[in-house]
Structure formats: C-alpha cells, structure tokens
Amino acid sequence: MKINPQIRTILSTYGISEPDGLAYLLAIFYDCRPSYTPTLLVQRMNITNILGISPDKEIMWNIPLFEGAAEEKWDWVKEWNDQFKHINPKRKGPHTSCITRMKAFFADNPDVRKVEVIEATKMYFRSLSNAEYLTSSHYFISKGIGRDRVSALENWVEKYKETMESLPVSESGDITSRMQ
C-alpha cells in the first residue's frame, strides 16, 4: 500500500517533517502507542485536519492514509446515489456528502450490510407514488445532528429485514425473486 500523496502535500504545507508526520499517522492507524510523542507534533498534526474524532469518540480519517483504499470501498455509494437522479434529478445529493453520511450510518449500524441498504432503498423507491415525493439521497441516509438525527434509511432497512424474515424460503433458497 502506498501513502496517499495528499498526506505528503499536507505535511509539507504545514511544515511538518514527513518522517515524523507519517510515523505519527501510522502509529494511529495501526493502534501502536509509542512511549513518547512530542506535544508540538501532536498539536501541529491536529491542525492539519487529516484526522478527526467522531461524536462517539472514534478516530475518523478525513483524508485516507493509503492511496485508493478508502475510495474504492465506498465507490458503490456513488452508484447508489445516482439511482436517486434517475427518479428525480433534483434529489441526487453530493457524492461526498452521501459517502460521509453512509460511513457514519454504517458506524452507527454495524449489523447492517451493503446489500440490505441497496435492497431497502429499492423498496423505498417502489413505495413512491410520485417522483416529487422522493427524499434527497443524503437526507435519506440521515438528517440532523446528534440526538435530533433522523435516518429514513435506517427505517427502510428495518422494514426490509422484517419483510425478508416473513417470506418463506423457496427450495432454491432464492427469496429475492418474490420481492419483484
């Protein structure tokens, strides 16, 4: 794996020694606690905004440490987001916002799988009587902050799971054909 070139650029921009900055980031990535980390380095690294802390005190990588790794994992969200455009072009949200919210959604719902999100979204689409009633994709994932946050996606995933549990399994084991 190669270090993301953006990281090197940011370290240079902030005047942080590349070996020191990379050692610090690698230690965090691999959860390795060195016996000493200079306070000045920690302060300077905090300013770069490469890392952040989520509301539940987890480390969030605002800029992926390794080249291409994070982007590929979340490419499917762009395709998912484009489905909203096919129904109502005004309801397709920004890809970056959708990816950020989807990451938070999966962090909050570790038992949910990608296929469940995709199928629950299709279920939501089928429930619409008019394309004007379609929720914007990024708001469908989540809207609001903290305790006031609402997730239509979470509700639809739950409906999808309930529907799947209530369907009898055919001899071939294929129950998705009955959903259409």
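Everything that follows concerns the structure shown earlier in this document.
Residues numbered from 1 in each chain as written. Predicted model: local features only at pLDDT ≥ 70, side-chain atom pairs only at ≥ 80, totals over all residues. Heavy atoms only, no water.

Turning our eyes to something else, we now look at a nonpolar patch on the surface. Taken together, the side chains of M1, F29 and Y30 present a nonpolar region at the surface, about 390 Å² in accessible area. Examined against the element boundaries, Y30 turns out to sit in the loop between α2 (18–29) and α3 (39–48). (Patch = residues over 30% accessible without salt bridge, like charges linked within 9 Å, V, L, I, M, F, W, Y side chains within 5 Å. Areas by Shrake-Rupley, 256 points an atom, 1.4 Å probe, with all protein chains shown as cover. Salt bridge = Lys/Arg side-chain N within 4 Å of Asp/Glu carboxyl O. Helix = DSSP H or I, 4+ residues; strand = E, 2+ residues; numbered from the N terminus.)

Turning our attention to unusual backbone geometry. Most peptide bonds adopt trans geometry, and most residues besides glycine take a negative phi value. Within the chain, D31 stands out as a residue other than glycine whose phi angle is a positive 50°. Looking at D31, the relative accessible area reads 53%, which means it is exposed. With a phi angle near 65°, N49 is a residue other than glycine that sits in the positive phi range. Relative to the helices and strands, N49 is located in the loop between α3 and β1 (51–53). The exposure class of N49 is partly exposed, given its relative accessible area of 46%. (Buried < 20%, exposed > 50% of the residue type's maximum accessible area, 1.4 Å probe, protein only.)

Let us look at the nonpolar core. Counting 24 residues, the largest nonpolar core has W80, M102, F105 and V117 as its most contacted members. For this core, the elements supplying multiple residues, two or more each, are α5 (75–87), α6 (95–108), α7 (114–127), α8 (137–141) and α9 (152–166). Other than its neighbours up to four places away in sequence, M102 contacts W74, W76, V77, W80, V117, I141 and L153. Judged by nonpolar contacts, the second largest core, of 16 residues, contains L11, L41, I50 and I63. (Core = buried A, V, L, I, M, F, W, Y, C linked by side-chain atoms within 4.5 Å. Contact = heavy atoms within 4.5 Å.)

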